[in-house]
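Structure assessment
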Amino acid sequence: MAIRFVTSNEGKVREAREYLSEPVEQVDYDYTEIQHDELEAIAAFGAREAFEHLGGTDPVLVDDAGLFVDVFDGFPGPYSAYVEDTVGVEGVRALVATRDDDRARFRTVLAYYDGDEVATFDGAVQGRIVDPRGDGGFGYDPIFEHDGRTLAEMSTAEKNAISHRGRALAKFADWLADEPAERKGPR
Ligand code: ITT
């Protein structure tokens, strides 16, 4: 079995490969990201649509992530990709710097679908929005500080140990390990 990770984001794939023992294949299919304020709903819808569209039997994995800034009541949240493309990471930092509260949370929901039922796994990490530091990671990593270091100042393994995605991957890996063999198919 290979898990088909449906994403255009190589950073997400790198982190999943570091964590999971199953082979992970990256599939670039632009599934519909529905307008919704819950990451779960967006990821679950995407996983079903991708599985139906791609055909085949190998399960698919979708990851919907977002940066939730406290002082902006959780914005950009589900709109984080759009905001990264428009305002930019440094623009987000500049906006937060105009306020007196820099706390934020990163969240990820993984949705796994094998044609039977969708399973979702979430993970979150608390941090602060700071001036950019570090050149690892991707996306908002340089401006997201956790425990004195930005996520971009960590190796992939260090980021996975504390990150939203690492926590979601841990739940997913535990669940996979407990799944009956017949659901997983030949390995
Ligand atoms: P796919 O939808 O193709 O998977 P994407 O990068 O558009 O890729 P998301 O919509 O889930 O994925 O990501 C929302 C935004 O959050 C986007 O700007 C990402 O770059 C960023 N992001 C996601 N995970 C991140 C992480 O672990 N660290 C920093 N930024 C992250």
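Details of the structure are given in the entry above.
So, here is what we can say about the structure in this document. (Residues numbered from 1 in each chain as written. Predicted model: local features only at pLDDT ≥ 70, side-chain atom pairs only at ≥ 80, totals over all residues. Heavy atoms only, no water.)

**A closer look at the packing of helix H1 (residues 10–19) against helix H6 (residues 164–178)**
Across the interface, H1 lies against H6 with an axial gap of 10 Å and an inter-helix angle of 45°. As judged from the angle between their axes, H1 and H6 are oblique. Remark: the crossing between H1 and H6 carries right-handed chirality. Contact with H1, carried on its side by Lys12, Glu15, Ala16 and Tyr19, involves Arg165, Gly166, Leu169, Ala170 and Ala173 of H6 and no other residues of that element. The residue inventory of the contact of H1 with H6, partitioned by class, reads five nonpolar, one polar and three charged. (Axes fitted to C-alpha atoms, helices over the stretch in contact; angles between N-to-C directions. Helix = DSSP H or I, 4+ residues; strand = E, 2+ residues; numbered from the N terminus. Parallel < 35°, antiparallel > 145°, perpendicular 65-115°, else oblique. Left-handed = near helix turned anticlockwise from the far one by under 90°. Contact = heavy atoms within 4.5 Å. Nonpolar A, V, L, I, M, F, W, Y, C, P; charged D, E, K, R; others polar.)

**Quick look at the side chain of Asp141**
In this fold, Asp141 is placed in the loop between strand E6 (119–129) and strand E7 (144–146). Relative accessible area serves as the criterion here: at 3%, Asp141 is assigned to the buried category. Setting aside chain neighbours within four positions, we find Asp141 in contact with Gly136, Thr150, Leu151, Ala152 and Lys159. (Buried < 20%, exposed > 50% of the residue type's maximum accessible area, 1.4 Å probe, protein only.)

**What to know about the packing of aromatic side chains**
Under the criterion given, the structure shown has eight aromatic pairs. For the pair Phe51 and Tyr113, a centre-to-centre distance of 5.2 Å together with 75° between the ring planes defines the contact as edge-to-face. Of the two residues, Phe51 sits in helix H2 (residues 39–54) while Tyr113 sits in strand E5 (residues 103–113), which places them 62 residues apart along the sequence. With respect to burial, Phe51 and Tyr113 carry one shared label: buried. Aromatic pair Phe106 and Phe144: ring centres 5.6 Å apart, planes at 75°, arrangement edge-to-face. (Phe/Tyr/Trp six-rings, centres within 6.5 Å; stacked < 30°, edge-to-face > 60°.)

**A look at H1**
Among all positions of H1, only Gly11, Lys12, Val13, Glu15 and Ala16 are buried. Buried residues in H1 make contact with strand E1 (3–6), strand E2 (24–27), strand E3 (60–69), helix H5 (156–162) and H6. The opening residue of H1, the one whose side-chain oxygen lies 2.9 Å from the backbone nitrogen of Gly11, is Asn9. (Polar contact = N/O pair within 3.5 Å; in protein donor to acceptor, adjacent residues only side chain to side chain.)

**Thoughts on the pattern of salt bridges**
Under the defined criterion, the tally for this structure stands at 14 salt bridges. One salt bridge in this structure joins Glu15 and Lys159, with 2.7 Å as the shortest N-O distance. Of this pair, Glu15 sits in helix H1 while Lys159 is found in helix H5, placing the two residues 144 residues apart along the sequence. Residues Glu15 and Lys159 agree in their burial class; the two are buried. Note that Asp63 and Arg165 form a salt bridge whose closest N and O atoms lie 2.6 Å from each other. Separated by 102 residues along the polypeptide, Asp63 in strand E3 and Arg165 in helix H6 bring together distant segments of the chain. The pair formed by Asp63 and Arg165 is uniform in burial state, with each residue classed as buried. Three or more residues joined by partner-sharing salt bridges are found here, namely Lys12, Glu15, Asp63, Asp141, Lys159 and Arg165. (Salt bridge = Lys/Arg side-chain N within 4 Å of Asp/Glu carboxyl O.)

**So, the site of the ligand**
Neighbouring the ligand are 20 residues; Thr7, Lys12, Glu84, Asp141 and Lys159 lie closest to it. Interatomic distance of 2.5 Å between a side-chain N/O atom of Thr7 and an oxygen atom of the ligand. Interatomic distance of 2.9 Å between a side-chain N/O atom of Asn9 and an oxygen atom of the ligand. When contributions to the shell around the ligand are tallied by element, the ones reaching two or more residues are E3, helix H3 (80–86) and H6. Across the shell around the ligand, the residue classes break down as six nonpolar, six polar and eight charged. (Near = heavy atom within 4 Å.)

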